[in-house]
Amino acid sequence: MVIPREAGRITYSAEIRRLKTSLHLTEDQKAILIGMILGDGHLAENWSKTNYRLKVSQSKGQEKYVLWKYQAFRNWVLTEPKLHVSTNSMRFATISHPELTYFRNLFYKGKRKIIPINIGDLLSPLTLAVWFMDDGNIRKVAGKVYGYYLNTHSFSHLENKRLADNLKRNYGFNCMIIKNHGKYRIYIGSDRKKFADVVGNNILPTLRYKLG
């Protein structure tokens with residue numbers, strides 16, 4: 001629900017309270033949320049430091065993707081996505097909520113994102129697609145697709161291995177952990193077609209170039 005600009009503080013606060021008692025994440029919202037946490041999404045503390053909210057910010061060139069995310073979480077958002085001219089980025093944020101705080105506690109240690117032990121239970125095809133749209137890219141040479149990268153540079157080697165092991169266990173992807181700029185990322189080469197088949201139905205038309 002979008003609250004008009006002219007709405008008063010009392011009305012605005014009352015709407016937030018109503019939402020917090022009525023909202024629950026759907027399975028699709030959970031899957032998209034996890035994909036964003038693994039990728040570009042950020043769970044930020046609210047002003048009272050009691051709960052967390054999802055913040056989305058991407059370049060103006062990804063406007064359609066941002067609007068797709070907004071539609072997925074529209075009932076959690078009070079203000080439509082806006083263009084921030086200084087950074088040329090589209091942004092929106094959800095309300096803060098205990099269910100978002102649960103995922104903040106699961107995927108963060110302090111301010112750093114981590115990969116939880118139970119990550120294997122959380123990697124649905126929709127989650128993989130959002131993760132790839134957020135933070136993946138293709139390896140293409142002379143027009144031929146050789147594989148796909150998941151840019152997991154913010155995670156440790158152990159966390160990358162945990163991800164790779166669970167991608168193998170869940171989907172049969174043979175993953176390599178490759179050093180890149182002093183960090184680590186995941187590469188799916190020999191099973192690139194299998195990966196594309198798993199995520200393909202959930203990749204937005206405007207981002208299908210990432211699959212080649």
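### Remarks on the packing of helix α5 (residues 125–135) against helix α6 (residues 157–171)
Then, number 1: Where α5 meets α6, the closest approach of the two axes is 13 Å, and the angle between their N-to-C directions is 135 degrees. In terms of axis orientation, α5 runs oblique to α6. For the pair α5 and α6, the sense of crossing is left-handed. Residues P125, L128 and W131 of α5 pack against L163, L167 and Y171 of α6.

### Notes on the sheet that holds strand β8 (residues 144–150)
Then, number 1: One open sheet accounts for 4 strands, arranged β7-β8-β10-β9; its pairing is antiparallel. Two strands bound the open sheet, and with one partner strand each, they are β7 (136–141) and β9 (175–180). Between one strand and the next, the sheet's axes are offset by a mean angle of 35 degrees, whatever the strand orientation.
Then, number 2: Bridging between β8 and strand β10 (residues 183–188) involves 3 bridges; their strand directions are antiparallel. Note that in β10 the partner of Y148 across the bridge is I188.
Then, number 3: Running over the sheet, α6 touches β8, β9 and β10 and is turned about 15 degrees from β10.

### What to know about the side chain of K113
Then, number 1: With respect to the helices and strands, K113 occurs in strand β6 (residues 112–113).
Then, number 2: Notably, K113 is buried but unbridged: the nearest opposite-charge side chain belongs to D40, and the N-O separation is 6.6 Å.
Then, number 3: For K113, the side chain forms a polar contact with the main-chain oxygen of I37, separated by 2.7 Å.
Then, number 4: A polar atom in the side chain of K113 sits 3.1 Å from the backbone oxygen of G39.
Then, number 5: Not counting the four nearest positions on each side in its chain, K113 is found in contact with M36, I37, G39, D40, G41, F107, Y108, F155 and E159.

Reading guide: rules and limits
- Counting starts from 1 at the beginning of each chain's written sequence and moves along it residue by residue.
- Whole-chain, interface and lining totals are the exception, using all residues; otherwise, since this is a predicted model, local features are given only for residues with pLDDT of at least 70 and side-chain atom pairs are given and counted only at 80 or more.
- Side-chain figures throughout are based on the complete set of non-hydrogen atoms in the structure, without hydrogens or water.
- To obtain each axis, a line is fitted to C-alpha atoms, and for helices this fit is confined to the stretch in contact; angles are then taken between N-to-C directions over 0 to 180 degrees.
- Note on conventions: DSSP H or I runs of at least 4 residues are helices, E runs of at least 2 residues are strands, and numbering of each starts at the N terminus.
- We call two directions roughly parallel when the angle between them is under 35 degrees, roughly antiparallel when it is over 145, roughly perpendicular when it lies between 65 and 115, and oblique otherwise.
- Crossing handedness is defined as follows: a turn of the near helix away from the far one that is anticlockwise and smaller than a right angle gives a left-handed crossing, while the clockwise case is right-handed.
- Only heavy atoms matter for contacts: two residues are in contact if any of them lie within 4.5 Å across the pair.
- Strands were regarded as paired on the criterion that DSSP finds at least two bridges between them.
- Only protein chains enter the calculation, and the probe is 1.4 Å; a residue is then buried if its accessible area is under 20% of its type maximum, exposed if over 50%, and partly exposed in between.
- We score Asp and Glu as negative and Lys and Arg as positive, and we do not count His or the chain ends.
- The salt bridge criterion pairs a side-chain nitrogen of Lys or Arg with a carboxyl oxygen of Asp or Glu, the two atoms within 4 Å.
- In protein, a polar contact means a hydrogen-donor-capable atom and an acceptor-capable atom, both N or O and within 3.5 Å, with residues adjacent in sequence counting only if both atoms are side-chain atoms; elsewhere, any N or O pair within 3.5 Å suffices.

Just geometry here; none of it tells us what the structure is for.
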